[in-house]
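Here is how the chains run, residue by residue.
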Amino acid sequence: MKHEFQSYFKKLLGDENAYFDEIHKRAYSYDATKKHYLPDGVLFPRNEEDIVAILRFCNEKQIIIIPRGCGSGFTGGALAVNGGLILSFEKHMNKIIEIDLENLVAVVQPGVINIHLQKEAAKHGLFYPPDPASMEYSSLGGNVSENAGGMRAAKYGITKDYVMALRAVLPNGEIIRAGKRTIKDVAGYNLAGILIASEGSLAVLSELTLKLIALPQYKKTAMGIFPDVKTAMYAVYKSLAGGVNPVSMEFLDNLSIRAVEAKFNKGLPVEAGAILIVDVDGNLVEALEEDLKKLEKYFLEAGALKFQKAKDEKEAADIWFARRNCSQSIAMYGTLKLNEDITVPRSKLPHLLEGIEKVSQKYGFKIPCFGHTGDGNVHTNVMVEDKNDSLAVQRGYEAVEEIFKLTIELGGTLSGEHGIGLSKAPFMKLAFTEAEMNLMRNIKKAFDPNNILNPFKMGL
Ligand SMILES: Cc1cc2nc3c(=O)[nH]c(=O)nc-3n(C[C@H](O)[C@H](O)[C@H](O)COP(=O)(O)OP(=O)(O)OC[C@H]3O[C@@H](n4cnc5c(N)ncnc54)[C@H](O)[C@@H]3O)c2cc1C
């Protein structure tokens with residue numbers, strides 16, 4: 001980075017908020033993909049005015065800017081793949097600005113960590129439902145930019161369902177407001193809708209207005225134990241189609257169960273082909289019991305071996321701990337994990353899992369699967385034993401491509417929550433026509449004609 005540019009940013013933000021040294025560049029060179037790309041510097045804006053000044057300057061000088069929340073992204077969205085400056089909100093822009101108790105709305109800066117909003121809302125008897133497994137180390141700006149999902153989406157939906165309005169800074173430094181603090185707003189194009197899941201490629205989100213709801217008083221947890229994956233998947237869509245409305249319906253296959261047990265020993269049934277973890281919530285304990293009874297009936301009809309209610313909060317917490325720690329546990333199956341978050345219509349889940357088993361047999365890779373099956377969202381993990389074996393890695397990607405093709409054939413999508421970023425960019429052509437891709441490229445151009453904001457991602 002040219003010395004005169006460095007001087008500009010240091011003068012604008014102060015030495016303590018503009019870094020060009022090796023240590024900072026390395027610290028911000030990676031995300032959860034574990035790939036490394038060295039940026040040219042790291043900036044910590046103190047407020048929206050700083051973002052405006054930074055973007056205006058970068059647009060004029062054609063300097064790449066990569067907005068970054070906590071770097072927990074699984075698809076490389078926050079990586080400086082072609083250099084440029086990291087714009088981080090974690091140091092200053094991490095405040096909850098307002099909890100509006102009359103309209104049930106929270107106004108936050110983009111760097112607020114998800115769990116901090118959940119805790120603050122709960123103090124007022126309110127609830128912010130989107131809870132990615134990364135909720136303790138992902139930011140709301142990152143959640144909105146990826147349209148994060150979570151464990152409660154089956155009943156409460158995903159991040160987009162809670163974004164009422166936002167403020168954002170365009171690459172040329174102009175500030176836009178999209179949406180309102182109203183339940184309804186159909187005036188003009190849905191600009192907030194375009195910015196949600198735009199992965200930092202269109203504008204920098206500077207303030208978010210998020211919907212809160214009343215915190216349900218009671219919650220109960222149970223686990224269905226199944227002989228195989230197919231019966232578990234059948235139970236998912238049969239019970240949901242039958243009108244039960246659980247908060248979550250999470251799935252672990254046998255490989256995932258064994259991995260979590262090997263690491264944490266939480267008492268999961270290691271012989272089971274699959275388990276489904278369900279939560280129900282509400283304000284009437286009797287209604288929750290009724291919901292569990294219905295779920296038990298549907299699960300047993302589908303072929304479950306057992307339906308087990310958590311006997312106390314500790315047992316429920318252990319079950320959920322196991323689910324939340326699947327991702328790290330399966331590392332025992334290989335040194336390279338090619339993890340995807342494909343999503344299909346729920347009735348297609350049995351076909352999807354059957355197809356993945358065939359891919360596993362064909363390529364000889366273990367493919368542990370777990371995820372948010374209540375939303376049709378499955379995390380598939382092609383495990384390559386030795387990441388230095390280039391042939392095996394290549395075959396791993398071939399297996400991933402087959403899984404994507406199958407997903408699309410089943411009417412599904414490449415990503416239910418992690419986004420496209422770098423990792424899935426090569427597969428966009430499987431899911432979109434040239435006309436659709438061109439439309440997306442034109443949207444990018446309309447927001448960012450000089451291509452300075454997180455460029456060369458999402459296959460654009
Ligand atoms: C163990 C683990 C479990 C996970 N579980 C889930 C899960 O259950 N559900 C789920 O959806 N995801 C999950 N994720 C993925 C990840 O946590 C989410 O994608 C999360 O939303 C990323 O937030 P972040 O703050 O870390 O964003 P980052 O990774 O820093 O950035 C993500 C993208 O957002 C952009 N961005 C960030 N802030 C802004 C801003 N203010 N303005 C514009 N663009 C911005 C970046 O440029 C980048 O493209 C998991 C990750 C891990 C490591």
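Each remark here, short or long, concerns the structure printed above.
Presented here is an overview of the structure given in this document. (Residues numbered from 1 in each chain as written. Predicted model: local features only at pLDDT ≥ 70, side-chain atom pairs only at ≥ 80, totals over all residues. Heavy atoms only, no water.)

## Let's talk about the overall build of the chain
Threshold: Strands here mean DSSP runs of E at least two residues long; helices mean DSSP runs of H or I at least four residues long; both are numbered from the N terminus. Note that the radius of gyration is over C-alpha atoms, with the globule rule given as 2.2 Å times the number of residues to the power 0.38. Summary of the burial criterion: residues with accessible area below 20% of their type's maximum are buried, those above 50% are exposed, and those between are partly exposed, where the area comes from a 1.4 Å probe applied to protein chains only. A contact between two residues is defined here by any heavy atoms of the two lying within 4.5 Å. Per-residue and other accessible areas follow the Shrake-Rupley method at a 1.4 Å probe size, with only the shown protein chains counted as cover for residues. Think of it this way: Lys and Arg go in the positive column, Asp and Glu in the negative one, and His and the chain ends go nowhere. To locate a charge, the coordinates of NZ of Lys, CZ of Arg, CG of Asp or CD of Glu are taken.
From N to C terminus, the chain includes 16 helices and 18 strands. Radius of gyration (C-alpha) of the chain: 22 Å, near the 23 Å computed for a compact globule of 460 residues. Across the 460 residues that make up the chain, the buried fraction comes to 55%. Sequence-distant contacts, at least 24 apart, represent 71% of the contacts inside the chain between residues at least 6 apart. With the model as given, the accessible surface of the chain reaches about 20,200 Å², and the carbon-plus-sulfur share is 52%. For the chain, the centre of its 55 positive side-chain charges and the centre of its 57 negative side-chain charges are spaced 1 Å apart.

## Digging into the site of the ligand
Put simply, the rule reads: Neighbouring residues are identified by heavy atoms, a residue being near a molecule or strand if any of them is within 4 Å of it. Polar contact is the term for a pair of N or O atoms within 3.5 Å; when the atoms are in protein, one must be able to donate a hydrogen and the other to accept it, and sequence-neighboring residues count only if both atoms are side-chain atoms. Each residue gets one label: Ala, Val, Leu, Ile, Met, Phe, Trp, Tyr, Cys and Pro are nonpolar, Asp, Glu, Lys and Arg are charged, and the others, such as Gly, are polar.
In the neighbourhood of the ligand, 35 residues make up the surrounding shell, with Pro67, Gly69, Ser72, Ser134 and Ser139 lying closest. The contact in question runs from an oxygen atom of the ligand to an N or O atom on the backbone of Cys70, over 2.9 Å. Between the ligand and Ser145 there is a distance of 3.1 Å, counted from a nitrogen atom to a side-chain nitrogen or oxygen. Here the ligand loses 95% of its free accessible area of 980 Å² to cover by the protein chains. Elements with a contribution of two residues or more to the shell around the ligand: β3 (65-68), α5 (140-146) and β10 (204-211). Of all the elements, α5 adds the most residues to the shell around the ligand, at five residues. Here the residues of the shell around the ligand sort into 14 nonpolar, 17 polar and four charged.

## Notes on the sheet that holds strand β14 (residues 274-282)
Condition: Being paired, for any two strands, means DSSP has found at least two bridges between them. Here, axes are lines fitted to C-alpha atoms. For helices the fit covers the stretch in contact, and angles between N-to-C directions go from 0 to 180 degrees.
Read from one edge to the other, the open sheet built from seven strands follows the order β15-β12-β14-β13-β17-β18-β16, with strand pairing classed as antiparallel. Of all the strands in the sheet, the pair left with one neighbour each is β15 (306-309) and β16 (336-343). The sheet shows a mean angle of 20° between the axes of neighbouring strands, direction not considered. Across nine bridges, strand β12 (residues 218-226) lies against β14 in antiparallel orientation. Across the sheet, residue Lys220 finds its bridge partner in β14, namely Val280. Here helix α8 (residues 229-241) sits on the sheet in contact with β12, β13 (248-253) and β14, set at roughly 170° to β13. The strands touched by helix α13 (residues 349-363) within the sheet are β13, β16, β17 (369-372) and β18 (377-384), with β18 carrying the most contacts at an inclination of about 0°.

## Examining empty space enclosed by the protein
The condition that has to hold: A cavity, in this analysis, means grid points on a 1 Å lattice covering only the protein atoms where a 1.4 Å probe fits yet has no way out; a pocket is instead an open set bounded by protein on both sides within 12 Å along at least five of seven lines, and a residue lines either one if it has an atom within 4 Å of a point. Grid points are joined across faces, edges and corners, and a volume is the space filled by probe spheres set on the points.
Under the criterion given, the structure shown has one cavity of 30 Å³ or more. There is about 40 Å³ of room inside the largest cavity. Around the largest cavity sit Ile64, Ile66, Leu79, Ala80, Val81, Asn82, Gly83, Asn454, Pro455, Phe456 and Lys457, which together line it.

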